[in-house]
Amino acid sequence: MRVAAWEHFLNDQSSWPAASRVTEGTAPRDTTSGTTFTKRKRMSQEERHLQILQAATKIIATKGFWGMSLQDIADEIGITEAALYHYISSKNDLLTMVLTEAYDTPDADEYNASTATLTDCDGHRVCFYPRYCLNIVLFNLQRPQMVQLFSMLYGEALNPEHPAHDFFVGHHRRNWELVRSMNWALPPGYTEERLHHVFTLAMAAMDGLQYHWLADGSVNLLEEWIRFSDQIFPASEWEGLTDPSEYDAATGCLLPHTLHGADV
């Protein structure tokens, strides 16, 4: 492994950023355990909404959208199915709520960029793509249920009749638009097209590793991703551009390493 700054993530989970730390005693891939909630009285509208959202996330991650029923949600939180309709209008409405409020939130984007970015000696904000990808893995380690939710729905949504079909068709495009908008420190000769190829490769590799991790409790997702990183971002090209910790002010301005540096 080339990046010394990544060693402590493997050796000591307490060194993981708080946003991605798995609480002690949590089985990272156990998303099918018993009822999550106990019945409460006088729950506020906001509390009930959150309870429904959490229950739906858990059950869809386990059964998928096609296999889930509204009765499943009602049973999980201890109310009748009729009472559930006071908070949602349909099964499709529930799915939209899960995707927009639980899965597709700005928290991950903000975290993934936060420790992958630095300001160089000339004041330019520059991002390091290999570290950005590592941050995605670190963030997902704390939310295996969301990873399973994505995996389950992504397979189902290959069917054009699935209500989440358009969401998943556009998922890669939305992520790419975010990535291409950022100021990456890249090896010499990189073009936007080549960055897109590396982005596509990295995301496909990450999805495959996460499926393996969900299915096999012996898989160390972080360790496997770091090994993959050595192949996707070879040292012969990416040395000094892998992690912000590799930057030395003596190196000077990083702007020439970005896609738009030649235009400045």
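Residues numbered from 1 in each chain as written. Predicted model: local features only at pLDDT ≥ 70, side-chain atom pairs only at ≥ 80, totals over all residues. Heavy atoms only, no water.

> Looking at this structure, how should I read the pattern of salt bridges?
Counted under the stated rule, the structure contains eight salt bridges. Between Lys58 and Glu76 there is a salt bridge, and its shortest N-O distance comes to 3.2 Å. Taken together, the residues span a long stretch of sequence, with Lys58 in helix α2 (residues 45-67) and Glu76 in helix α3 (residues 70-77) at a distance of 18 residues. Here Lys58 matches Glu76 in class, with each residue buried. Here Glu237 and Arg194 are joined by a salt bridge, their closest N and O atoms 2.5 Å apart. (Salt bridge = Lys/Arg side-chain N within 4 Å of Asp/Glu carboxyl O. Helix = DSSP H or I, 4+ residues; strand = E, 2+ residues; numbered from the N terminus. Buried < 20%, exposed > 50% of the residue type's maximum accessible area, 1.4 Å probe, protein only.)

> Help me understand the environment of Asn159, please; the structure alone is not making it clear to me.
With respect to the helices and strands, Asn159 occurs in the loop between α8 (144-156) and α9 (165-169). At 2.8 Å, the side chain of Asn159 and the backbone nitrogen of Glu161 are in polar contact. (Polar contact = N/O pair within 3.5 Å; in protein donor to acceptor, adjacent residues only side chain to side chain.)

> Explain the packing of aromatic side chains to me, please; I cannot follow it from the model alone.
Where two aromatic rings form a pair, the distance of their centres and the angle of their planes describe that pair. A complete count under the given rule lists 14 aromatic pairs for this structure. On the numbers, 5.2 Å between centres and 75° between planes, the contact of Tyr132 with Trp184 is edge-to-face. Of this pair, Tyr132 sits in helix α7 (residues 129-141) while Trp184 sits in the loop between α10 (171-180) and α11 (192-215), placing them 52 residues apart in sequence. Both residues of the pair, Tyr132 and Trp184, count as buried. Ring geometry for Phe150 and Tyr154: centres 5.4 Å apart, planes at 10°, overall stacked. One end of the pair is Phe150 and the other is Tyr154, both in helix α8 and four residues apart, which spans about a single turn. (Phe/Tyr/Trp six-rings, centres within 6.5 Å; stacked < 30°, edge-to-face > 60°.)

> Can you walk me through the environment of Ala205 in this structure?
Relative to the assigned elements, Ala205 resides in helix α11. Accessibility expressed as a relative area gives 14% for Ala205, which makes it buried.

> What exactly am I supposed to notice about the confidence of the model for the chain here?
Close inspection of predicted coordinates is inappropriate in any region flagged by low pLDDT. Confidence along the chain averages 86 in pLDDT terms, with 88% of residues attaining 70 or more. Low pLDDT, under 50, characterises residues 22-33; the stretch is placed with 19 contacts to residues that sit more than four places away or in other chains. (pLDDT = per-residue confidence, 0-100. Contact = heavy atoms within 4.5 Å.)

> Can you walk me through the packing of α2 against α8 in this structure?
Helix-helix packing is described using two parameters, namely the angle between the two axes and the distance between the axes. Two numbers describe how α2 lies on α8: the axes approach to 8 Å, and their chain directions differ by 30°. The angle between α2 and α8 places the two elements in the roughly parallel class. The hand of the α2/α8 crossing is left-handed. Taken together, the residues of α8 that come into contact with α2 (itself represented by Gln54, Thr57, Lys58, Ile60, Ala61, Thr62, Lys63, Gly64, Phe65, Trp66 and Gly67) are Gln145, Met146, Gln148, Leu149, Met152, Leu153 and Glu156. Within the contact of α2 with α8, the residues separate by chemical class into eight nonpolar, seven polar and three charged. (Axes fitted to C-alpha atoms, helices over the stretch in contact; angles between N-to-C directions. Parallel < 35°, antiparallel > 145°, perpendicular 65-115°, else oblique. Left-handed = near helix turned anticlockwise from the far one by under 90°. Nonpolar A, V, L, I, M, F, W, Y, C, P; charged D, E, K, R; others polar.)

> I'm lost on the nonpolar core in this one. Help?
A general tendency of soluble globular proteins is for nonpolar side chains to be buried together. In this structure, Tyr129, Tyr132, Trp184, Leu222 and Trp225 are the most contacted members of the largest nonpolar core, which totals 51 residues. The greatest single-element share of this core, amounting to ten residues, is contributed by α11. Leave out the neighbours within four places in its chain, and Trp184 touches Val126, Cys127, Phe128, Tyr129, Tyr132, Val179, Leu195, His257, Thr258 and Leu259. The next biggest cluster of nonpolar side chains, apart from the first, holds 31 residues, and it includes Tyr103, Leu149, Leu153 and Phe168. (Core = buried A, V, L, I, M, F, W, Y, C linked by side-chain atoms within 4.5 Å.)

> Where do I start with the side chain of His162 in this structure?
Along the chain, His162 turns up in the loop between α8 and α9. Within the structure, His162 has its side chain in polar contact with the backbone nitrogen of Ala164 (distance 2.9 Å). Non-local contacts of His162, meaning those with residues more than four positions away in its chain, are made with Phe65, Trp66, Leu95, Leu153, Glu156 and Ala157.

> Mind showing me how you'd approach the side chain of Asn140 here?
Take Asn140: it is sitting in helix α7. Not counting chain neighbours up to four residues away, the residues in contact with Asn140 comprise Val147, Gln210 and Trp213.

> For this particular structure, what's the right way to read α3?
Each α-helix turn comprises 3.6 residues. Residues three or four places apart therefore point the same way. Within α3, six of the eight residues are buried, which leaves it mostly tucked inside the rest of the structure. Among the residues of α3, Leu70, Asp72, Ile73, Ala74, Glu76 and Ile77 are the ones counted as buried. Those residues of α3 hidden inside the fold are in contact with α2, α4 (81-84) and α5 (91-103). Positive backbone phi, approximately 80°, marks Gly78, located one or two places after α3.

> Sorry if this is basic, but what is going on with the packing of α5 against α8 here?
Running from N to C, α5 and α8 cross one another at 135°; their axes reach a closest spacing of 12 Å. Considering the angle they form, α5 stands oblique to α8. In this structure, α5 meets α8 at a crossing whose hand is left-handed. Residues Leu95, Val98, Leu99, Ala102 and Tyr103 of α5 touch α8, and the partners they reach there are Met146, Leu149, Phe150 and Leu153. Its residues placed into classes, the contact of α5 with α8 shows nine nonpolar, no polar and no charged.

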